[in-house]
Amino acid sequence: GLFKDRAVVGLCVMAGFRSMCQNGLLVYVPMLLKDIFGFGPVLLGLALTVLQVGGMIGGPVAGTVSDRAGRRPVVLGGLAATTVVVFAVTMIEAPILLVALMAVLGCVLFAVRPVIHGWAMDMTPDHMHGSAISLLFGTQSAFSMIVPIAGGMIADTWGVAAVFYGLAGAMLAATLITATLPDRRR
């Protein structure tokens, strides 16, 4: 029954594109920091920690706001901001600015994931929540498995920065899909 619901399928596809970007960032940010900026293990670890801390701070805020304002506005804002930040990563030349940008990226990227899960629950009947989340996770995994290989091919051909353009494009696709989804609430 879930496959017949265009809104649920759209939400899953949107989440798939978002996961592509998230997983691509977790693979290619370390390469960017090491190969382009020359970060050693400690600075690389710090930058990735800052990314996670941003998500840890943004998640509860996004969840609270989505309970009051609706899921779609929060997800739409988070995805649009992530698109801009991922694109901006390619233009930063100062390592300290890049680390600061990692905090912002973590805040907007990781904050929307639990809101997407809540939105899936809002869109489906109570007796289908487990199926809906399974479909959502399956779609995210299917989309995400493309990134390491495709990103590697892109990086080998055009450089690591080009991977970030592709990741920003995936996030832009997620943003555009989100704009078409209904914000159904119980």
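It should be noted that the structure appears before, not after, this text.
Just so you know, these numbers come straight off a predicted model, no measurement behind them.

Rules and cut-offs
Residues numbered from 1 in each chain as written. Predicted model: local features only at pLDDT ≥ 70, side-chain atom pairs only at ≥ 80, totals over all residues. Heavy atoms only, no water. Helix = DSSP H or I, 4+ residues; strand = E, 2+ residues; numbered from the N terminus. Rg over C-alpha atoms; globule rule 2.2 N^0.38 Å. Buried < 20%, exposed > 50% of the residue type's maximum accessible area, 1.4 Å probe, protein only. Contact = heavy atoms within 4.5 Å. Lys, Arg positive; Asp, Glu negative; His and termini not counted. Charge placed at Lys NZ, Arg CZ, Asp CG, Glu CD. Core = buried A, V, L, I, M, F, W, Y, C linked by side-chain atoms within 4.5 Å. Phe/Tyr/Trp six-rings, centres within 6.5 Å; stacked < 30°, edge-to-face > 60°. Lys NZ or Arg CZ within 6 Å of the ring centre and 35° of its normal. Expected span 1.5 Å × (residues − 1). Bend = angle between axes of the 7 residues up to and from the residue. Disulfide = S-S within 2.5 Å.

K.L.:
Just checking my understanding: could you explain the overall build of the chain for this structure?
P.N.:
Looking only at helices and strands, the chain features seven helices and zero strands. Starting at the N terminus, the α and β elements of the chain follow one another as α-α-α-α-α-α-α. Computed over C-alpha atoms, the radius of gyration of the chain comes to 17 Å, within 12% of the 16 Å expected from 2.2 N^0.38 for 186 residues, which places it in the range of a compact globule. Principal axes of the C-alpha set define a box for the chain whose edges measure 50 × 35 × 25 Å. For the chain, the residues scored as buried account for 47% of the 186 residues in total. For the chain, the share of sequence-separated contacts (at least 6 apart) that also reach a separation of at least 24 residues comes to 83%. Of the charged side chains in the chain, 11 are positive and 8 negative, and the gap between their average positions amounts to 8 Å.

K.L.:
Just checking my understanding: could you explain the nonpolar core for this structure?
P.N.:
Soluble, globular proteins show a tendency: their nonpolar side chains are buried together. In terms of nonpolar packing, the biggest core is built from 54 residues, with Met-14, Leu-25, Met-102 and Phe-164 touching the most fellow members. Taken together, the elements giving at least two residues each to this core come down to helix 1 (6–36), helix 2 (41–69), helix 3 (71–89), helix 4 (95–123), helix 5 (129–144), helix 6 (147–158) and helix 7 (160–180). Ignoring any residue separated from it by four or fewer positions in sequence, one finds Leu-25 in contact with Pro-30, Val-86, Leu-105, Leu-109, Phe-164 and Leu-167.

K.L.:
Sorry, what's going on with the environment of Pro-95 here?
P.N.:
Position of Pro-95 relative to the elements: it lies in helix 4. We classify Pro-95 as partly exposed; its relative accessible area is 36%. Along the backbone, Pro-95 and Gly-40 are 55 residues apart, and their C-alpha atoms lie at a distance of 12 Å.

K.L.:
Hey, could you run me through the packing of aromatic side chains in this one?
P.N.:
Two measures describe an aromatic ring pair: the distance that separates the ring centres and the angle between the ring planes. Counting across every chain of the model gives three aromatic pairs. Plain terms: the ring middles of Phe-17 and Phe-143 are 5.1 Å apart, the flat faces sit at 80° to each other, and that makes the pair edge-to-face. Of this pair, Phe-17 sits in helix 1 while Phe-143 sits in helix 5, placing them 126 residues apart in sequence. Positioned above the aromatic ring of Phe-137 is the side chain of Arg-113, whose terminal nitrogen or guanidinium carbon lies 5.4 Å from the ring centre.

K.L.:
Just to check I follow, could you spell out helix 1 for this structure?
P.N.:
A rise of 1.5 Å per residue sets the reference length of helix 1, with its 31 residues, at 45 Å; its end C-alpha atoms lie 42 Å apart and thus fit the reference within 8%. At Leu-26, helix 1 is bent by approximately 35°, the largest bend along its length, and proline Pro-30 sits one to four residues beyond. After helix 1 finishes, the residue Gly-38 shows a positive phi value of roughly 70°.

K.L.:
Which parts of the structure should I look at to understand the state of the cysteines?
P.N.:
Any covalent bond linking the sulfur atoms of two cysteines counts as a disulfide. Enumeration over the complete set of coordinates arrives at zero disulfides. Free cysteine: Cys-12, not disulfide-bonded; nearest cysteine sulfur from Cys-21 at 18 Å. The closest cysteine sulfur to the non-disulfide-bonded Cys-107 is located on Cys-21, 15 Å from its own sulfur.

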